[in-house]
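Structural features, examined
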Amino acid sequence: MNSQTTQHPALDAGKIHNLALRNRYVVAPMSRASAGEDGVPTSEMAAYYARFAQGGYGLIIAEGAYTDTILAQSYGNQPGMCTDAHAHGWKATVDAVHAAGGKIILQLIHAGAVSQVVDTPHAPSPVRPDGMMLQGYGPKQGAYPVPVPLSDHQIAETKAGFVMAALRAERAGFDGVEVHCANGYLLDQFLTPETNSRTAPYGGSLQNRIRLTCEIIAEIRAVTGQDFATGVRLSQAKATQPDYFWQGGLKDAAVIFDAVHLAGAAFIHLASEIKGYTYHSRTKQGESLTKLARMRTGLPVIANGGLQDPQLARDIMSAGEADFVSVGKSALVNPDLPQKIAAGQTPVEFSFDVFSHGVSLAGQAQWQAAQIG
Ligand SMILES: Cc1cc2nc3c(=O)[nH]c(=O)nc-3n(C[C@H](O)[C@H](O)[C@H](O)COP(=O)(O)O)c2cc1C
């Protein structure tokens, strides 16, 4: 099919929960390490997020915000959502996005074992994460320490942190939250058998390993308003283990999707961070996980990974593999991607040079200035 003559399916209006969206292009959550030392979002962040709304994206999922001040923080200058000052700071972003006609959901994240901030990281089990701390993010670098197992009491506190953060997000005006159970962070550490050697209720069977995520989703749903969209982000790969696949393939995926659906998730977002959609969002045998998620749950499913490519996005949407497509890196150089696609223009190609002065917004501005200068 000629993509020039038929409107791209990602430009059709869509709906997530009760949220009417002008199109199916979503900005993927991207940590930019640009908040204050205390995790308070800045006015630069408000302008950065508003730019995507001005550029036509139907939905923005804002970068992972930490959910408590004790164990959850991943990076230095990461925004939080656990104090009134955090919520107040975020409100400027929410208002700016809404004023530009966009919708915005906040991702809620707990680092667990992969914190680069916490002195004694806590996790499901004492398993040292593979790989090294992420460069470009601080303050710590090097190998991850062996984490301390969370006590039952700390698990309850972790849950309460997510729920309180969701309430703050709702009060700040966000249209919903995305519970981060992907890429090797805390909730994914519970889901993954190699990092979870606990017994019931949060270890052992797959049902037990996804339980904490489900309880968090259900509790957020119970305390937030009817129109507030609470979804979940899942992934096979981890930030430091790009070749990780769910052991049981489609069988495991079915259990996971059914569980989050039953818990009340309003959408499922599958991350495909490093090698792209066709690698990470399929089983080793090549079966589509996003299609399975759609078929089993009937929920809106957001696909991710290199989907700035209009033909790939069109192909997977036409094949029933996605309702929405989220765009990460490419959105940084194409904050107006939906408008470009509508006009039949080719998106600017992303290069990691964008991060040559750091992943922060200030770093990107410096890179941009060097391009012009
Ligand atoms: C700078 C940067 C920061 C990211 N931060 C997050 C994050 O906070 N939460 C998350 O779930 N994924 C995060 N990701 C992953 C992206 O959401 C996305 O899954 C990934 O970039 C693949 O999509 P793309 O091919 O469109 O870039 C980040 C990616 C980048 C490049």
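Each value, and the rule that gives it
- Residues numbered from 1 in each chain as written.
- Predicted model: local features only at pLDDT ≥ 70, side-chain atom pairs only at ≥ 80, totals over all residues.
- Heavy atoms only, no water.
- Near = heavy atom within 4 Å.
- Polar contact = N/O pair within 3.5 Å; in protein donor to acceptor, adjacent residues only side chain to side chain.
- Areas by Shrake-Rupley, 256 points an atom, 1.4 Å probe, with all protein chains shown as cover.
- Nonpolar A, V, L, I, M, F, W, Y, C, P; charged D, E, K, R; others polar.
- Salt bridge = Lys/Arg side-chain N within 4 Å of Asp/Glu carboxyl O.
- Helix = DSSP H or I, 4+ residues; strand = E, 2+ residues; numbered from the N terminus.
- Buried < 20%, exposed > 50% of the residue type's maximum accessible area, 1.4 Å probe, protein only.
- Pairing = 2+ DSSP bridges.
- Right-handed = clockwise from strand over helix to strand, strands pointing away.
- Core = buried A, V, L, I, M, F, W, Y, C linked by side-chain atoms within 4.5 Å.
- Contact = heavy atoms within 4.5 Å.
- Axes fitted to C-alpha atoms, helices over the stretch in contact; angles between N-to-C directions.
- Parallel < 35°, antiparallel > 145°, perpendicular 65-115°, else oblique.
- Left-handed = near helix turned anticlockwise from the far one by under 90°.
- Phe/Tyr/Trp six-rings, centres within 6.5 Å; stacked < 30°, edge-to-face > 60°.

As annotated in an unreviewed UniProt entry, the protein carries the name NADH:flavin oxidoreductase/NADH oxidase N-terminal domain-containing protein and is attributed to Actibacterium mucosum KCTC 23349.

**A look at the site of the ligand**
Within the structure, the ligand sits among 19 residues, and P29, S31, Q107, R233 and G328 are positioned closest to it. In this structure, Q107 approaches the ligand through a side-chain N or O atom, which is 2.7 Å from a nitrogen atom. Between the ligand and H180, the relevant distance is 3.1 Å, taken from an oxygen atom to a side-chain nitrogen or oxygen of the residue. Bound to the protein, the ligand loses 92% of the 610 Å² it would expose on its own. Of the residues belonging to the shell around the ligand, the class tally is 6 nonpolar, 10 polar and 3 charged.

**Some words on the pattern of salt bridges**
Across all of its chains, the model carries 12 salt bridges by this definition. Among the salt bridges present, the one from R168 reaches D84, with a minimum N-O distance of 2.6 Å. Separated by 84 residues along the polypeptide, R168 in helix α3 (residues 152-172) and D84 in helix α2 (residues 84-99) bring together distant segments of the chain. According to the relative accessible area criterion, R168 is buried, its value standing at 14%. In this structure, K140 and D119 form a salt bridge, with 2.8 Å as the shortest nitrogen-oxygen distance. In this pair, K140 sits in the loop between β6 (122-123) and β7 (148-149) while D119 sits in the loop between β5 (103-109) and β6, placing the two residues 21 residues apart along the sequence. Using a relative accessible area of 28% as the deciding quantity, one classes K140 as partly exposed. For D119, a relative accessible area of 65% puts it in the exposed group.

**Brief notes about the pairing of strand β12 (residues 324-327)**
Taking every second residue as pointing to the same face, both faces of β12 are buried, with F324 and S326 on one and V325 and V327 on the other. Where strand β11 (residues 301-304) and β12 come together, 3 bridges link them in parallel fashion. The residue bridging A303 from the neighbouring strand is V325, located in β12. Chirality of the crossover, the property in question, places the unit of β11, helix α10 (residues 310-318) and β12 among those that are right-handed.

**Remarks on the nonpolar core**
One finds M81, L106, F174, L234, W246 and F257 to be the most contacted residues of the largest nonpolar core, which totals 87 residues. In this structure, F257 is in contact with L234, W246, I268, L270, L289, L292, A293 and T297, ignoring residues within four places of it in sequence. Listed in part, the 12 residues of the second largest apolar core include V26, I61, I105 and F324.

**Looking at the pairing of β11**
Judged by which residues are buried, β11 turns out to be covered on both faces: V301 and A303 on one side and I302 and N304 on the other are all buried. Sheet topology note: the strand β10 (residues 268-270)/β11 ladder contains 2 bridges and is parallel. Bridged to H269 within β11 is I302.

**A short note on the packing of helix α1 (residues 43-54) against α2**
It is at 8 Å that the axes of α1 and α2 come closest, and there the two elements cross at 25 degrees. The angle between α1 and α2 places the two elements in the roughly parallel class. Judged by the twist between their axes, the crossing of α1 over α2 is right-handed. Side by side, α1 and α2 meet where M45, A46, Y49, A50 and A53 of the first sit next to W90, A92, T93, A96 and V97 of the second. For the contact of α1 with α2, the residue count by class is 9 nonpolar, 1 polar and no charged.

**Thoughts on unusual backbone geometry**
A cis amide bond, omega 0 degrees, links G138 with the succeeding residue P139. Inspection of the secondary structure assignment puts P139 in the loop between β6 and β7. With phi around 60 degrees, N77 is a residue other than glycine that occupies positive phi space. Along the chain, the position of N77 falls in the loop between β4 (59-66) and α2.

**Considering the packing of aromatic side chains**
Inspection of every chain in the model, using the stated rule, returns 13 aromatic pairs. Here the aromatic rings of W90 and F174 are separated by 5.6 Å at their centres, their planes lie at 70 degrees, and the arrangement is edge-to-face. One end of the pair, W90, is in helix α2; the other, F174, is in the loop between α3 and β8 (176-183), with 84 residues separating them in the sequence. By relative accessible area, F174 is classed as buried at 4%.

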